[in-house]
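Summary of the model geometry
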Amino acid sequence: LTLFESGAIILHVAQRIAGLLPAEVNARARAIMWMFAALNTVEPPIVERSSAILLERDKPRHEARLPILDDRVRTRLGELSRRLGDADWLDGAFSAGDLMMVTVLRRLDGSGLLEAFPNLGAYIARAEARPAYQRAFAAQLATHIKALQDPTFLKDKAKVTAKLGPFPRDRVNPNGGSTALGHPFGATGARILSQAVKELAAMPAGTYAIVSICADG
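Definitions and limits used
- Residues numbered from 1 in each chain as written.
- Predicted model: local features only at pLDDT ≥ 70, side-chain atom pairs only at ≥ 80, totals over all residues.
- Heavy atoms only, no water.
- Helix = DSSP H or I, 4+ residues; strand = E, 2+ residues; numbered from the N terminus.
- Buried < 20%, exposed > 50% of the residue type's maximum accessible area, 1.4 Å probe, protein only.
- Areas by Shrake-Rupley, 256 points an atom, 1.4 Å probe, with all protein chains shown as cover.
- Phe/Tyr/Trp six-rings, centres within 6.5 Å; stacked < 30°, edge-to-face > 60°.
- Lys NZ or Arg CZ within 6 Å of the ring centre and 35° of its normal.
- Axes fitted to C-alpha atoms, helices over the stretch in contact; angles between N-to-C directions.
- Parallel < 35°, antiparallel > 145°, perpendicular 65-115°, else oblique.
- Contact = heavy atoms within 4.5 Å.
- Salt bridge = Lys/Arg side-chain N within 4 Å of Asp/Glu carboxyl O.
- Patch = residues over 30% accessible without salt bridge, like charges linked within 9 Å, V, L, I, M, F, W, Y side chains within 5 Å.
- pLDDT = per-residue confidence, 0-100.
- Polar contact = N/O pair within 3.5 Å; in protein donor to acceptor, adjacent residues only side chain to side chain.

Along its length, the protein chain carries nine helices and zero strands. In the protein chain, the succession of α and β elements from N to C terminus is α-α-α-α-α-α-α-α-α. Residue burial in the protein chain is summarised as follows: out of 217 residues, 27% are buried. For the protein chain, the accessible area works out to roughly 14,100 Å², and carbon and sulfur atoms hold 59% of it.

Turning next to the packing of aromatic side chains. Under the criterion given, the structure shown has two aromatic pairs. Geometrically, the ring pair formed by Trp89 and Phe94 is edge-to-face, given 4.9 Å between the ring centres and 80° between the ring planes. An identical accessibility class is assigned to Trp89 and Phe94; each is buried. Linked through ring pairs, Trp89, Phe94 and Tyr123 together constitute an aromatic cluster. One residue, Arg126, lies across the ring of Trp89, its end atom 5.7 Å from the ring centre.

Turning next to the packing of helix H5 (residues 118–129) against helix H6 (residues 131–148). Geometry of a packed helix pair, given as the angle between the helix axes and the separation of the axes. Put simply, H5 and H6 touch, their axes get as near as 5 Å, and they point 65° apart. The pairing of H5 with H6 is recorded here as roughly perpendicular in orientation. Contacts between H5 and H6 involve Ala127, Glu128 and Ala129 on the former and, on the latter, Pro131, Tyr133 and Gln134.

The full count for this structure, using the stated rule, is twelve salt bridges. The salt bridge partner of Glu43 is Arg107, with a shortest N-O separation of 3.1 Å. Here Arg107 lies in the loop between helix H4 (96–105) and H5 and Glu43 lies in helix H2 (residues 25–55), a separation of 64 residues in the sequence. For Glu43, a relative accessible area of 16% translates into the label buried. The partner of Arg65 in a salt bridge is Glu48, with the nearest N and O atoms 3.1 Å apart. Placement of the pair is Arg65 in helix H3 (residues 62–84) and Glu48 in helix H2, with a sequence separation of 17 residues. Assessed through its relative accessible area of 23%, Arg65 is described here as partly exposed. The network of salt bridges with common partners includes Glu48, Glu56, Arg61, Arg65 and Arg72.

Before going further, it helps to examine a nonpolar patch on the surface. A surface patch of nonpolar side chains, about 460 Å² in accessible area, is lined by Leu1, Leu3, Ile9, Val13 and Ile17. As for its placement among the helices and strands, Ile9 is situated in helix H1 (residues 6–14). Look at Ile9 and you get partly exposed, because its relative accessible area is 35%.

What follows deals with the confidence of the model for the protein chain. The pLDDT averaged across the protein chain works out to 85; a share of 87% of its residues lies at or above 70. Looking across the protein chain, the model is least confident in helix H8 (residues 178–181), with a mean pLDDT of 58, and most confident in H5, with 96.

The subject of this paragraph is the side chain of Asp70. Within the element layout of this structure, Asp70 appears in helix H3. For Asp70, a relative accessible area of 12% corresponds to the buried category. With residues up to four places along the chain from it excluded, the contact list for Asp70 reads Arg49 and Leu113.

With that settled, the discussion passes to unusual backbone geometry. Residues apart from glycine generally show negative phi values, whereas peptide bonds are mostly found in trans. A positive phi angle, near 80°, is found at Glu5, a position not held by glycine. Looking at the element boundaries, Glu5 is found in the segment before H1.

Across the ten residues that make up H4, a large majority, eight, are buried. Listing the buried residues of H4 in full gives Ala96, Gly97, Asp98, Met100, Met101, Val102, Val104 and Leu105. Among the structural elements, H1, H2, H3 and H5 are those in contact with the buried residues of H4. N-cap assignment for H4: the residue whose side-chain oxygen lies 3.1 Å from the backbone N of Gly97 is Ser95.

Okay, structure coming up:
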């Protein structure tokens with residue numbers, strides 16, 4: 001079976017793994033509802049905002065448009081915050097709905113928009129503290145380390161260094177590489193490009209960044 005779209009993949013896994021979808025019919029339907037809400041209601045304004053920052057920073061309209069995009073995100077965060085309230089999870093026990101929602105909310109890391117909604121920040125922290133999350137993170141980290149130690153990867157690195165010369169270590173991945181920053185499979189380009197934008201925002205005007213393709217696979 002080959003699937004694309006993160007929602008379809010999570011739903012497929014959740015239907016086969018105990019603990020991600022409730023057994024009770026109505027609760028199960030609500031958990032799936034929250035998966036759709038994460039992807040179709042909460043994520044679109046977040047993606048629109050991220051795209052504008054990445055692609056329109058040099059456009060005259062950007063400065064005036066960004067507050068509008070921020071307000072759209074805040075509207076969705078406010079609705080979600082009120083729905084969550086003091087509860088640990090969106091609908092009773094943790095479910096695939098929470099898994100999908102937290103994944104979407106983590107896209108706002110570093111934006112400052114979540115600071116006005118402390119219950120959402122705590123919600124994300126609870127999800128990240130779950131043993132299953134920790135195991136998944138550790139497994140992904142181990143996969144990255146293994147890939148980085150693969151002879152093919154090291155051979156490619158040697159070729160690039162031989163052709164372009166040694167890179168100044170203080171200017172290459174100053175805040176860590178893919179393993180340190182988080183390297184989502186299937187979203188490499190977006191992750192490294194958005195990180196480069198964040199790095200440039202804190203640097204003097206006229207500074208350039210070089211973004212390369214992933215060489216692990």
